Each structure stands twice: as structure tokens, then as C-alpha cells.
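Coordinate inspection notes
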Amino acid sequence: RRFLLLDEDQVIEVDLVDGADKENRNNAWLSRLMAKVAERDATAMEDRPSTRQMIVIPRYEDKHHFEECIGKSIEQCQTLIDTFVTSNPEQFNNQTTLRMDIRKIREITDESYYKVVLRTNMTGDEVYGILDDGQVFYPWPWTVHTKDLTIGPWDCAGLTPAKCCQLIQEDMPNPDDIGNFLACFVEEPVGSEKNPEKDDRAITVVDADIVIVRAPIAH
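Since this is a predicted model, take the numbers as computed values, not measurements.

Glancing now at the sheet that holds strand S10 (residues 201-206). Judged by pairing direction, the sheet is mixed, and its three strands sit side by side in the order S3-S10-S11 without closing on themselves. Edge strands, defined here as strands with exactly one partner in the open sheet, are strand S3 (99-104) and strand S11 (212-217). Mean inter-strand twist for the sheet, computed between neighbouring axes without regard to direction, equals 20 degrees. Taken together, the six bridges between S3 and S10 define a ladder with parallel strand orientation. Among the inter-strand pairings, Arg 99 is bridged to a residue of S10, identified as Arg 201.

Here's what the structure looks like:
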């Protein structure tokens, strides 16, 4: 995972220690994504309370998804995971439990709000986007001189992360009212060299209330 920032036509690349933030449930962003997904029949939405709505993108279909955990607390989900794993050890290298690798969903109040996440292919050298079509989305308005601007999506199909980030920053060169410029965060898929699979965990996404909003995935 890398942090990219355009500086006088030079792309600065810095390794990061912490992981990339995950998708958020901002209503405006969901509307844009759902319109895109409807065109491609690439996703589905489940009927849930409005504060828990998440867009579901088919991914890692060969891995086990603990759908029963959605809407549950961490403790409740851990019990459900342990029950299933204990009953089906052959699917999990004869383990009887999986640790929950807990990650919070992105929110505009996060310090990293100004970063555009660039999801790549397995080798990390081409931007695929969250729908695998090269389209890159930013989830919130970009506020400049008190005006909320809609930015993106950007067509980064066939581009490297550096070139995609340059395209994004050239499209919106202005800092927001807090003084931050758009930056880019490269997120390579689980199973890639820089983001390897771990057979002892289930990656779990929670909201600010620590409620699980996406099916944990064992990988």
C-alpha cells in the first residue's frame, strides 16, 4: 500500500504502515455507485435500515463470507464464526476459530478523508477500481470556498496508480477549506504480494457504532 502525492509534476511515493480505510456509507456516494452498478448488473443491495445500508460488490467469491454477522456486534459475530468454523474445520485448515481483523468503515470525519482510494490489480501496477472497470470514486463533496463540489468519478482504466493520481489531482488542483489537497492511497487486493492472505482471520468491517456492516470474509 502506498501514498501518492503530486508535487510539481513529480509523483512522491511513500510506504505506509497502517492499512487503507474502507468504503463508506455516504448516501451521495452510494447513489452514484448504485447507478453505475445497475448498468453492469455487478452488485446487489439488501433491504436493511437506512443507517446500515451497504453496497455489496461481488468479490472474493471463492472465500467464505459470514453473512449472518451483518448487523451483529463483534461478540455475537465471533460466536457465529466459531460455531461455523468448528463445525466445518476442513474449510479452514482444521482450525476451530478465526480471529476477527476489525476495520472501521470510512467516514468524512476521519483524518484520511482527503485520500482517494485506488484499488488495483493483483500486481499493483494498474488501477481497477471497486467495480473492476477502472472507475475511481471519491465518496464526499470537496468543499472549496464554502461550496460543496462533486468530484469524480475518474476513468483510470489502463493507468498506473501514479498516472491515475496525477489525473485526479490535475482535475481538482485546489485545496479544500481545511487546507488539504487531494491525495491517493493505493489498495492492492487481498492475496497480492503486498496484501497477502492469512488463513487465521476473517476481515471484518464495522461502523462508528461498532456494528458489523459487511459480511466478514475468511482470507
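This part takes up the pattern of salt bridges. Counted according to the given criterion, the structure contains eight salt bridges. Lys 63 is the salt-bridge partner of Asp 62, the closest N and O atoms lying 4.0 Å from each other. Note on Asp 62: relative accessible area 65%, which makes it exposed. Classification of Lys 63 by relative accessible area gives partly exposed; the value is 22%.

All right, on to the environment of Glu 61 then. Mapped onto the elements, Glu 61 comes out in the loop between helix H1 (27-40) and helix H2 (74-87). Owing to a relative accessible area of 66%, Glu 61 belongs among the exposed residues under this scheme. With 156 residues separating them along the chain, Glu 61 and Ile 217 place their C-alpha atoms 9.5 Å apart.

Nonpolar side chains tend to gather and get buried jointly when the protein is soluble and globular. Judged by nonpolar contacts, the single largest core of 20 residues is most densely connected at Leu 118, Val 136, Tyr 138, Trp 142 and Ile 168. Counting only elements with at least two residues in this core, the list comes to strand S4 (115-119), strand S6 (142-144), helix H3 (161-171) and strand S9 (183-187). If one sorts the elements of this core by residue count, H3 sits on top with three residues. In terms of nonpolar packing, the next biggest core, distinct from the first, is built from 13 residues, Val 85, Leu 98, Val 206 and Ala 218 among them.

Now for the state of the cysteines. By the definition in use, this model includes three disulfides. Bridging Cys 69 to Cys 77, the disulfide has an S-S length of 2.1 Å. Because the torsion about its S-S bond is 90 degrees, the bridge between Cys 69 and Cys 77 counts as right-handed. With a relative accessible area of 0%, Cys 69 lands in the buried category. Once the disulfide-bonded cysteines of the protein chain are ranked by sequence position, their pairing pattern turns out to be 1-2, 3-4, 5-6.

Attention now moves to unusual backbone geometry. The omega torsion across Gly 152 and Pro 153 is -5 degrees, close enough to zero to call that bond cis. Tracing the backbone shows Pro 153 in the loop between strand S7 (147-149) and strand S8 (154-155). Even without glycine at this site, His 145 takes up a positive phi of about 55 degrees. The topology assignment puts His 145 in the loop between S6 and S7. The class for His 145 is exposed, based on a relative accessible area of 67%.

Quick look at the confidence of the model for the protein chain now. Detailed reading of the predicted coordinates is not advisable wherever pLDDT is low. Averaged over every residue, the pLDDT of the protein chain is 80; residues scoring 70 or more account for 73%. At the low end of the mean pLDDT range in the protein chain sits strand S1 (residues 2-7), at 39; at the high end sits S8, at 98. The model gives residues 1-30 a pLDDT under 50, and that stretch makes 92 contacts with residues more than four places away or in other chains. Across residues 40-56, where pLDDT falls below 50, the model places 34 contacts with residues more than four positions away in sequence or in other chains.

The next point concerns the pairing of S9. Counting buried positions over the five residues of S9 gives five, a clear majority of the element. Covered by surrounding structure in S9 are Ala 183, Phe 185 and Glu 187 together with Cys 184 and Val 186, the residues of both alternating faces. Bridge count between S4 and S9: five bridges; the pairing is parallel. Within S9, the position partnered with Arg 119 by the bridge is Glu 187.

Rules of the game
Residue positions within a chain follow its written sequence, with the count starting from 1. In view of the model being predicted, local features appear only for residues whose pLDDT reaches at least 70, and side-chain atom pairs are presented and counted only at 80 or more, with totals across whole chains, interfaces and linings using the full set of residues. In computing side-chain properties, one takes all heavy atoms of the structure into account and sets aside hydrogens as well as water. A pair of strands is treated as paired once DSSP finds two or more bridges between them. Working definition: helices are DSSP H or I runs of at least four residues, strands are E runs of at least two. Numbering for both runs from the N terminus. To obtain an axis, a line is fitted to C-alpha atoms, over the contacting stretch when the element is a helix, and the angle between two such axes runs from 0 to 180 degrees between their N-to-C directions. Salt-bridge detection follows one rule: a side-chain nitrogen of Lys or Arg within 4 Å of a carboxyl oxygen of Asp or Glu. Relative accessibility under 20% of the residue-type maximum defines a buried residue, over 50% an exposed one, and the middle range a partly exposed one, all with a 1.4 Å probe and only protein chains included. What we call a nonpolar core is a set of buried Ala, Val, Leu, Ile, Met, Phe, Trp, Tyr and Cys residues that are connected through their side-chain atoms within 4.5 Å. The term disulfide is used for any two cysteine sulfur atoms that are within 2.5 Å. Each residue carries a pLDDT score, the predictor's confidence in it, ranging from 0 to 100. Should any heavy atoms of two residues lie within 4.5 Å, those residues are counted as being in contact.

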